[in-house]
Amino acid sequence: DNETVRGAYNLKSQRLTNLVAEIASNADIVIAMGSLGLTIIALLIHNRSPWLAFMGFLQIVLAVPLAYFGYTVLAQLEFFPLLNLVGLFVASAIGADDIFVAVDKWNNARVASPKEATTEDIAEIAL
């Protein structure tokens, strides 16, 4: 087992703490990428529109650099722990939920509208 640390060690050692955090965060990043992959598949199945699924996925992915910009430039925090990337789970879940709700609201408004309703009329009801 390569991950087991044997012998005496100092728990206050920054090197050991960084090693443990790096091992854990690498596994979390793999899981986050899998989560993003499942999110795009769910968007494709639910929306039945590759364009809408791609644009929604782009919204989710672009939220991460925007958050990093706010963290480093606006808040002027220099330390960005790798564990913050676990927020990809939260970002993909919230972003996908927003897309699912918006598409369902649009579809329900379209069904409830008369056949001669324009796109503007449907948007007025849905939004």
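Residues numbered from 1 in each chain as written. Predicted model: local features only at pLDDT ≥ 70, side-chain atom pairs only at ≥ 80, totals over all residues. Heavy atoms only, no water.

**Quick word on the overall build of the chain**
Scanning the chain for helices and strands turns up 4 helices and 0 strands. Overall, the chain shows an N-to-C arrangement of helices and strands of α-α-α-α. Relative to its full complement of 127 residues, the chain shows a buried share of 17%. For the chain, the proportion of contacts with a sequence separation of at least 24, taken over those separated by at least 6, is 55%. By element, 64% of the accessible surface of the chain is carried by carbon and sulfur atoms, the whole surface being about 9500 Å². (Helix = DSSP H or I, 4+ residues; strand = E, 2+ residues; numbered from the N terminus. Buried < 20%, exposed > 50% of the residue type's maximum accessible area, 1.4 Å probe, protein only. Contact = heavy atoms within 4.5 Å. Areas by Shrake-Rupley, 256 points an atom, 1.4 Å probe, with all protein chains shown as cover.)

**Some remarks on the nonpolar core**
Side chains of a nonpolar character, in soluble globular proteins, are inclined to be buried together. Judged by nonpolar contacts, Leu 36, Leu 43, Ala 53, Ile 60, Ala 96, Ile 99 and Val 103 together constitute the single largest core of 7 residues. Only α1 (14-47), α2 (50-74) and α3 (87-112) provide two or more residues apiece to this core. Considering each element in turn, this core owes the most residues, 3 residues, to α3. Leave out the neighbours within four places in its chain, and Ala 53 touches Ile 40, Leu 43, Leu 44 and Asn 47. (Core = buried A, V, L, I, M, F, W, Y, C linked by side-chain atoms within 4.5 Å.)

**Some words on the packing of α1 against α2**
Each pair of packed helices can be summarised by the angle the axes make with each other and by the distance between the axes. Two elements in contact, α1 and α2, have axes whose closest approach is 8 Å; the angle formed by their N-to-C orientations is 145°. Of the two possible hands of crossing, α1 and α2 adopt the one that is right-handed. For the pair α1 and α2, the contacting residues are Leu 36, Thr 39, Ile 40, Leu 43, Leu 44 and Asn 47 in the first and Pro 50, Leu 52, Ala 53, Gly 56, Phe 57 and Ile 60 in the second. Residues of the contact of α1 with α2, tallied by class, amount to 9 nonpolar, 3 polar and no charged. (Axes fitted to C-alpha atoms, helices over the stretch in contact; angles between N-to-C directions. Left-handed = near helix turned anticlockwise from the far one by under 90°. Nonpolar A, V, L, I, M, F, W, Y, C, P; charged D, E, K, R; others polar.)

**Some words on unusual backbone geometry**
Not every positive phi belongs to a glycine, and Arg 48 is a case in point at roughly 55°. By secondary structure assignment, the location of Arg 48 is in the loop between α1 and α2. Notably, Gln 76 is not glycine yet its phi reads approximately 55°, a positive angle. Here Gln 76 is to be found in the loop between α2 and α3. A relative accessible area of 65% means that Gln 76 is categorised as exposed.

**Considering a nonpolar patch on the surface**
A surface patch of nonpolar side chains, about 590 Å² in accessible area, is lined by Trp 51, Leu 52, Phe 54, Met 55, Leu 58 and Leu 62. One can find Met 55 in helix α2. (Patch = residues over 30% accessible without salt bridge, like charges linked within 9 Å, V, L, I, M, F, W, Y side chains within 5 Å. Salt bridge = Lys/Arg side-chain N within 4 Å of Asp/Glu carboxyl O.)

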